[in-house]
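# Observations on the model geometry
Read off the chains here:
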Amino acid sequence: MDVFITLTINGIATGMLIFLLAAGLSLIFGLMKVMNFAHGSFFMLGAYMGTWCYVSSGSFLLSIVLGVISGAVVGLIVERLVISRVYNNHLGQVLITVGVMMLLNELIKVVWGPNVIASPVPPALSGLLEVGGISISIYKLFIIAFALSVTLLVNLILNRSRLGMIIRAGTQNPEMVKALGIRIESFFSLVFLFGTALAALGGVLMGPAQNQVGSYYQQYMMLGFIVVVIGGMGSFTGAMLSGILIGLVSNYVAWVFPEAAMAVNVLLMAVILLIKPEGLFSVGGKA
Amino acid sequence: MLTCSGLHTYIEQFHILQGVDLEVKRGELTVLLGRNGAGKTTTLRTIMGLNPPARGKIEFEGEVVSGLPTHVIARRGIGYVPEDAGIFTDLTVLENLRIAVRKKESEARKRMDYILELFPDLFKFLNRKAGNLSGGQKQMLSIGRALVNENKLLLIDEPSKGLAPVVVNNLVSAINEIKKHTAVLLVEQNLGFASRISDKFYIIDNGKTALNGNMPQLLEDRGTQRQYMGVDIKGVPN
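For the structure given in this document, a descriptive report is provided here. Predicted model, so just to flag it, every value in this text is computed and none were measured.

A separate point is the overall build of chain A. Scanning chain A from terminus to terminus reveals 11 helices and four strands. A compact globule built from 287 residues would reach a C-alpha radius of gyration of about 19 Å, and chain A, at 19 Å, matches this within 12%. C-alpha atoms of chain A, sized along the principal axes, occupy 60 × 45 × 35 Å. Residue burial in chain A is summarised as follows: out of 287 residues, 48% are buried. Considering only residue pairs separated by 6 or more positions, chain A has 77% of its internal contacts joining residues 24 or more positions apart.

Counting secondary structure elements, chain B contains nine helices and 10 strands. Computed over C-alpha atoms, the radius of gyration of chain B comes to 17 Å, within 12% of the 18 Å expected from 2.2 N^0.38 for 238 residues, which places it in the range of a compact globule. The buried share among the 238 residues of chain B stands at 45%. Intrachain contacts of chain B at a sequence separation of at least 6 include 68% that bridge at least 24 residues.

Let us now look at the pairing of strand β7 (residues 153–157) of chain B. Residue and element names in this part refer to chain B. In terms of burial, β7 is largely enclosed, as five of its five residues are buried. Neither face of β7 is exposed, since L153, L155 and D157 on one face and L154 and I156 on the opposite face are all buried. In this sheet, β7 lies alongside strand β6 (residues 78–81) in parallel orientation, the contact comprising four bridges. Note on β7: the bridge partner recorded for G79 is L154. Note that β7 and strand β8 (residues 183–187) share five bridges and pair parallel. From the neighbouring strand, D157 faces β8, where its bridge partner is V187. In the classification by handedness, the crossover that spans β7, the intervening helix α6 (residues 165–178) and the parallel β8 is right-handed.

Now for the interface of chain B and chain A. The figure often quoted for interface size is the accessible area lost as the parts come together. Contact residues are listed per partner, giving 22 residues for chain B and 18 residues for chain A. Considering every element that reaches the side of chain B that touches chain A, the biggest residue donor is helix α2 (residues 70–75) of chain B, with four residues. Here the residues of the side of chain B that touches chain A sort into 11 nonpolar, five polar and six charged.

Residue and element names in this part refer to chain A. Running from N to C, helix α2 (residues 39–57) and helix α4 (residues 90–112) point in directions that differ by 15 degrees, and their axes come no closer than 9 Å. On the basis of the axis angle, α2 is roughly parallel to α4. When you trace α2 past α4, the crossing you get is left-handed. Seen from α2, the contacting residues are G40, S41, M44, L45, Y48 and W52; seen from α4, they are M101, L104, N105, I108 and W112. In terms of residue class, the contact of α2 with α4 is made up of eight nonpolar, three polar and no charged.

Moving on, we come to the sheet that holds strand β1 (residues 2–11) of chain B. Residue and element names in this part refer to chain B. Spatially, four strands are ordered β2-β1-β4-β5 in an open sheet, and the strand pairing comes out antiparallel. Strand pairing shows two members of the sheet lacking a second neighbour, β2 (14–24) and β5 (63–64), which therefore form its edges. The pairing of β1 with strand β4 (residues 55–60) spans five bridges and is classified as antiparallel. Of the residues in β4, the one forming a bridge with L2 is F60.

We now examine the pairing of strand β10 (residues 208–214) of chain B. Residue and element names in this part refer to chain B. As paired strands, strand β9 (residues 200–205) and β10 are joined by six bridges and run antiparallel to one another. Across the sheet, residue D205 finds its bridge partner in β10, namely K208. Remark: two residues form the turn of the hairpin made by β9 and β10, two consecutive strands paired antiparallel; N206 in that turn has positive phi of roughly 50 degrees.

Let us now look at the environment of A:N155. Note that A:N155 resides in helix α5 (residues 138–160). Placed 21 residues apart in sequence, A:N155 and A:I134 show a C-alpha to C-alpha distance of 33 Å.

Let us look at α5(A). Residues and elements named next belong to chain A. Compared with the 33 Å implied by 1.5 Å per residue over 23 residues, the 32 Å span of α5 between its first and last C-alpha is a close match. Buried within α5 we find Y139, K140, I143, A147 and T151. Where α5 is buried, its residues meet α1 (2–32), β3 (134–137), α8 (188–210) and α10 (236–256).

Now for unusual backbone geometry. Residues and elements named next belong to chain B. If you check the backbone angles, E12 has positive phi at about 55 degrees while not being a glycine. Structurally, E12 is set in the loop between β1 and β2. By the C-beta count within 10 Å, which is 5 here, E12 ends up exposed. At E158, a residue that is not glycine, the phi angle is positive and equals roughly 45 degrees. Tracing the chain through its elements places E158 in the loop between β7 and α6.

Calculation notes
Each chain has its residues counted from 1, running along the sequence as written. Chains and ligands are labelled by the order in which they are written, letters from A for the one and numbers from 1 for the other. pLDDT decides what is reported in this predicted model: residues at 70 or higher carry local features, side-chain atom pairs at 80 or more are listed and counted, and totals for whole chains, interfaces and linings draw on all residues regardless. For the purposes of this entry, the term helix denotes a DSSP run of H or I that reaches at least four residues, the term strand denotes a run of E that reaches at least two, and both are numbered from the N terminus. Only C-alpha atoms enter the radius of gyration, while the globule expectation follows 2.2 Å times N to the 0.38, with N the number of residues. In this scheme every C-beta is placed from the backbone, and a residue whose C-beta has 20 or more other C-beta atoms within 10 Å is buried, one with 12 or fewer is exposed, and one in between is partly exposed. For the purpose of contact definition, each residue receives a C-beta atom placed from its backbone, and two residues are in contact when these atoms lie within 7 Å. Here the rule is simple: two strands pair whenever DSSP picks up at least two bridges between them. With the strands pointing away from the viewer, any crossover whose connection runs clockwise from the first strand over the helix to the second is right-handed. Amino acids outside the nonpolar list (Ala, Val, Leu, Ile, Met, Phe, Trp, Tyr, Cys, Pro) and the charged list (Asp, Glu, Lys, Arg) are all regarded as polar, and Gly is one of them. Fitted lines through C-alpha atoms serve as axes, helices being fitted only where they are in contact, and the angles separating the N-to-C directions of these axes extend from 0 to 180 degrees. Each angle gets one of four labels, with under 35 degrees taken as roughly parallel, over 145 as roughly antiparallel, 65 to 115 as roughly perpendicular, and the rest as oblique. For any pair of crossing helices, the crossing counts as left-handed if the nearer helix is rotated counterclockwise from the farther one by less than a right angle, and right-handed if it is rotated clockwise. The length a helix should cover is 1.5 Å for every residue beyond the first.

Rendered as structure tokens:
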């Protein structure tokens, strides 16, 4: 039973981090119709930047802030210089975002080297919490609480502000938003940098959870795609729920048969695609 | 108020509009009639800049608007109600109205009151997801949303499509009220419905303006009705 609880908490924590990666991917695709294959690189950038900053300064808070800022700034540069040139050109988007992914990954290697680097858990968040004879990682609980707070904040923005209203409407029917006199393109940069900042935040938090960062972080992009497909393109809530689902499935399966963890997630995505191709929580179609 | 001259519009490789000329005057409701696929919806989309014309000119209030982005055309005072109502199903009814607001809160409130007077059914559902509305309520919401700003012209695409007769009657009353303050360019297949609200008509055939005139003329001309619409007024339910 204690193994099950530990796996569940680890699964939810992993799921919340994958959700932070997938949420931006989903919003960017939903509003801008851009499939950003470079999105995983922002997760990796956040992980490296956060770890480097924490190891250099000793401040975990500063590492979170700088990690998020790095994701936002590089995201804004990529959107303005590259993505904005290929709106409405899907083949161009695929090619150019794959190019950006390769470029960012190589730049990360140039700056931080090709080897994995250690990413320590801050002392205040390290150790185990004993609850009813079960040991729970304090850092994993922190991840869950922090990611949930971010989720609530983002949900508040999406559901209680005019900006959020326009993003939700634009995700569903951008043409109609334009016909109401709103220049939807002016929201694209904001949504893109917001999405890449969220991915970077996920990366910053993932470092200490894994105790190391490395180029293998790129594999989380695959999980991000799976989460978006299962949750439904453009659905923030869908991304969160399917992120947790994927995190749990990954952890349970990995406990029994580690090599099959990714395959089971891909299988799960294939089944959802067969049953409900638009995803479990897809944003409604046109009226 | 609105003048379209020699509009040619392509959608991908298809030459949809091949010379549409029309004029909408202040205080009038003008209807575009024609068979399915004649180019009526494309005409409205071209005016809104959603399918910009390859050739031709659109003037609104004396200024050329063809070639401008859609949001700029909308801000000049043209409201658009698309064929599928185009409401945001994941937003509440109130959010669907509020998203269109481009003016001060106090002025917007007055317009909201006017809209809810026009479509009292919407009042009960203000905080409900718009996706849960019936087809008629969605149309009312879509027209209401186009009225949130004091637009000078409304483009309305087949509002009666798929609606029950009693709902169509409500729409007739609402549109007759709207046209007292706002010019309307309407696309309609239902000649019975169009005849109850329209002052002028244009018939679009094969992407061209084939005929135009006053509505009473068309209602008397069974030959034209059969030739361009395949119907005559007696056979069309209201």
